[in-house]
Amino acid sequence: MSSDDNGRDGPTRRDYVKYGGAIIGGGLFAGCSQRDSTATQTETATQTATPTATETATPEDTSYTVTMAPAGDVAFDAVPETWMAYYSNYGDMGIALGKLDSLEALVYREGWPLQFYDTLPGVDVSFDSVRQLSSGTFDKEVFYEVDADVHLLDPHFVSLKHDGFSAADFDEIASNVGPVVGNYIRRHGQDWHDYEYYSLYEAFEKVADVFHERERYEGIRTVHDTFIADIQANLPPERERPEIGLISSFSDFSDGSLDAYPIGAGNGKKQYQDLGIVDGFGPHIDGSYASWDYEQLLEADPDILVFPYGFASLSHSEFETRMDQLRDHPLGQQLTAVQNDRLYRGGTSYQGPIINLIQTEIVAKQFYPEQFGAWEGIETLHDEDAQLFDHQHVADIITGEVS
């Protein structure tokens, strides 16, 4: 399969899209009302992190451009009033920028760790009025039905995940409905992703420029940078840090069919990267994951086992039921993490800035209780004295109460 155009014939997104006399290099022609546009834009290399949101010189002209691979230069006639997203990473970015009320649809409305937002005073996140798109059957007609002003997703990824989409479909959506902006930042090293990767905050900055929310972005970025610097300054020496292993919460713990993950590169495991943990599985896995049995898990035998999606997709009781299956298995009982009672619910790998802040706070306490305080469950996040960053300040940024 061609990584440029999902194996289809014809020009790719790296060629050009010509519409009404306008040429956009390496990207999708997009705008909130582009059908009347006659502007000509020259090709911009999508592999370079170009400064964002260039305003035109004419005071009464509200058009601007945001540049992000793979779409390239994306033109906006006005700031989007409504939006949709695919995963919770870009969805969380929109919420961080105070845009929850204008969120029209999500492809994955379920599987969010919504309890995290409850730790932010005055931030009430509910998707009751947000349309849930079917991840199995949705097609381009859904974009017309939702009619959002901007779509926060990576068109290449959607084309790979949903066979019914082509490059031409996203050109059509961008021209007739609204711009398409996004980049699959969860995991690096994908064969199809042969364009620039972005860090979480590089991608977040692009989304902030889409919505003209620079002040909120800068506020949350400052919280993040200060928080991470404080955490890293207080980490124990590497030789004293525990080995961490990631096992999917959806593994079959009774039969011993276990999905193991290395830390790797990309936004999906950012909290572990920032805490400088020792990857207990990385040396044993060639690729993005491995299917193991208990014998293979015992061979690695890390100090701590973390179970991704344990917060997002499982209740506390559901998680403990799975852990009991692990504890009761004859080989599972021999694991160091079981014997030392260091089995922890883990976060989602589709994390935006708010989810990441909270997931980083959680793992700091799980892994290094002597430095950052013990993890006593989700209630720990509600204790102001135990918080590792100012939750109230983050809430104020989201709700716009910061001057």
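All figures in this text were calculated on a predicted structure; none of them were measured in a lab.

Draft legend 1. The overall build of the protein, seen in detail. Looking only at helices and strands, the protein features 13 helices and 16 strands. Counting only residues that meet the buried cut, the protein has 56% of its 403 residues in that class. A sequence separation of at least 24 residues applies to 70% of the contacts in the protein between residues at least 6 apart. For the protein, the accessible area works out to roughly 16900 Å², and carbon and sulfur atoms hold 44% of it.

Draft legend 2. The side chain of aspartate 92, seen in detail. Looking at the element boundaries, aspartate 92 is found in helix α1 (residues 88-96). There is no salt bridge for the buried aspartate 92, and the closest opposite charge comes from lysine 270, which lies 11 Å off by N-O distance. With residues up to four places along the chain from it excluded, the contact list for aspartate 92 reads Trp112, Tyr117, Gly352, Pro353, Ile354 and Ile355.

Draft legend 3. Geometry of the pattern of salt bridges. Counted by the stated rule, this structure contains 13 salt bridges. In this structure, glutamate 172 engages lysine 140 in a salt bridge whose closest nitrogen and oxygen atoms are separated by 2.9 Å. In this pair, glutamate 172 sits in helix α4 (residues 167-176) while lysine 140 sits in helix α2 (residues 140-146), placing the two residues 32 residues apart along the sequence. By relative accessible area, glutamate 172 is classed as partly exposed at 24%. For lysine 270, the salt bridge is made with aspartate 274, and the minimal N-O distance between the two is 2.5 Å. Of this pair, lysine 270 and aspartate 274 both sit in helix α7 (residues 270-274), four residues apart, roughly one helical turn. As far as burial versus exposure is concerned, lysine 270 and aspartate 274 are alike and both buried.

Draft legend 4. Spatial organisation of unusual backbone geometry. Across the junction of alanine 69 and proline 70, the peptide omega takes the value 5°, indicating a cis bond. With respect to the helices and strands, the residue proline 70 is situated in the loop between β4 (64-68) and β5 (72-76). The phi dihedral of histidine 212 falls on the positive side, at around 55°, and the residue is not glycine. Position of histidine 212 among the secondary structure elements: in the loop between α5 (200-211) and α6 (214-233). Given a relative accessible area of 36%, histidine 212 falls into the partly exposed group.

Draft legend 5. Just helix α11 (residues 353-367), in detail. Spanning 15 residues, α11 covers 21 Å between terminal C-alpha atoms, matching the ideal 21 Å at 1.5 Å per step. Here α11 lies mainly inside the structure; 15 of its 15 residues are buried.

Draft legend 6. Structural view of the sheet that holds strand β10 (residues 180-181). Reading across the sheet, the five strands line up as β8-β7-β6-β9-β10 and stay open at both edges, with parallel pairing between neighbours. Edge positions in the sheet fall to β8 (131-132) and β10, since each has one partner strand and no second. In the sheet, strand β6 (residues 83-85) pairs with strand β9 (residues 150-152) via three bridges, with the strands oriented parallel. Following the sheet pairing, alanine 85 is matched in β9 by leucine 152. Across the face of the sheet, α5 comes into contact with β6, β9 and β10 while running at roughly 170° to β9.

Draft legend 7. The confidence of the model for the protein, seen in detail. Counting all residues, the mean pLDDT for the protein is 86, and 84% of those residues have values of 70 or more. In this model residues 1-52 is a low-confidence stretch, pLDDT under 50, and it forms 137 contacts with partners more than four residues away in sequence or in other chains.

Draft legend 8. Structural detail: the environment of methionine 93. For methionine 93, the position within the fold is in helix α1. Beyond its immediate sequence surroundings of up to four residues, methionine 93 is in contact with Ile185, Leu200, Ala203, Phe204, Val207 and Pro353.

Draft legend 9. Layout of helix α13 (residues 391-399). Within α13, burial applies to His391, Val394, Ala395, Asp396, Ile397 and Ile398. Structurally, α13 contributes buried residues whose contacts are with α1, α6 and α11. Measuring from the backbone nitrogen of glutamine 392 back to the side-chain oxygen at the start of α13 gives 3.0 Å, which picks out aspartate 390 as the cap. Just beyond α13, the residue with positive phi is glycine 400, at close to 80°.

Draft legend 10. Broad picture of a negative patch on the surface. Side chains of Asp383, Glu384, Asp385 and Asp390 sit close together on the surface and give a patch of like negative charge. Tracing the backbone through its elements, the reader meets aspartate 385 in the loop between α12 (369-372) and α13. Here aspartate 385 falls in the exposed class, since its relative accessible area comes to 78%.

Draft legend 11. Spotlight on the environment of threonine 399. Among the secondary structure elements, threonine 399 is positioned in helix α13. Residue threonine 399 is classed as partly exposed on the basis of its relative accessible area of 35%. Taking the C-alpha atoms as reference points, threonine 399 and glycine 98, 301 residues apart in sequence, are found 6.0 Å from one another. Once residues within four sequence positions are removed from consideration, threonine 399 is found in contact with Gly122, Val123 and Arg216. Among the polar contacts listed, one links the side chain of threonine 399 to the backbone oxygen of aspartate 396, at a separation of 3.4 Å.

Quick notes on the rules
Residues numbered from 1 in each chain as written. Predicted model: local features only at pLDDT ≥ 70, side-chain atom pairs only at ≥ 80, totals over all residues. Heavy atoms only, no water. Helix = DSSP H or I, 4+ residues; strand = E, 2+ residues; numbered from the N terminus. Buried < 20%, exposed > 50% of the residue type's maximum accessible area, 1.4 Å probe, protein only. Contact = heavy atoms within 4.5 Å. Areas by Shrake-Rupley, 256 points an atom, 1.4 Å probe, with all protein chains shown as cover. Lys, Arg positive; Asp, Glu negative; His and termini not counted. Salt bridge = Lys/Arg side-chain N within 4 Å of Asp/Glu carboxyl O. Expected span 1.5 Å × (residues − 1). Pairing = 2+ DSSP bridges. Axes fitted to C-alpha atoms, helices over the stretch in contact; angles between N-to-C directions. pLDDT = per-residue confidence, 0-100. Polar contact = N/O pair within 3.5 Å; in protein donor to acceptor, adjacent residues only side chain to side chain. Patch = residues over 30% accessible without salt bridge, like charges linked within 9 Å, V, L, I, M, F, W, Y side chains within 5 Å. Charge placed at Lys NZ, Arg CZ, Asp CG, Glu CD.

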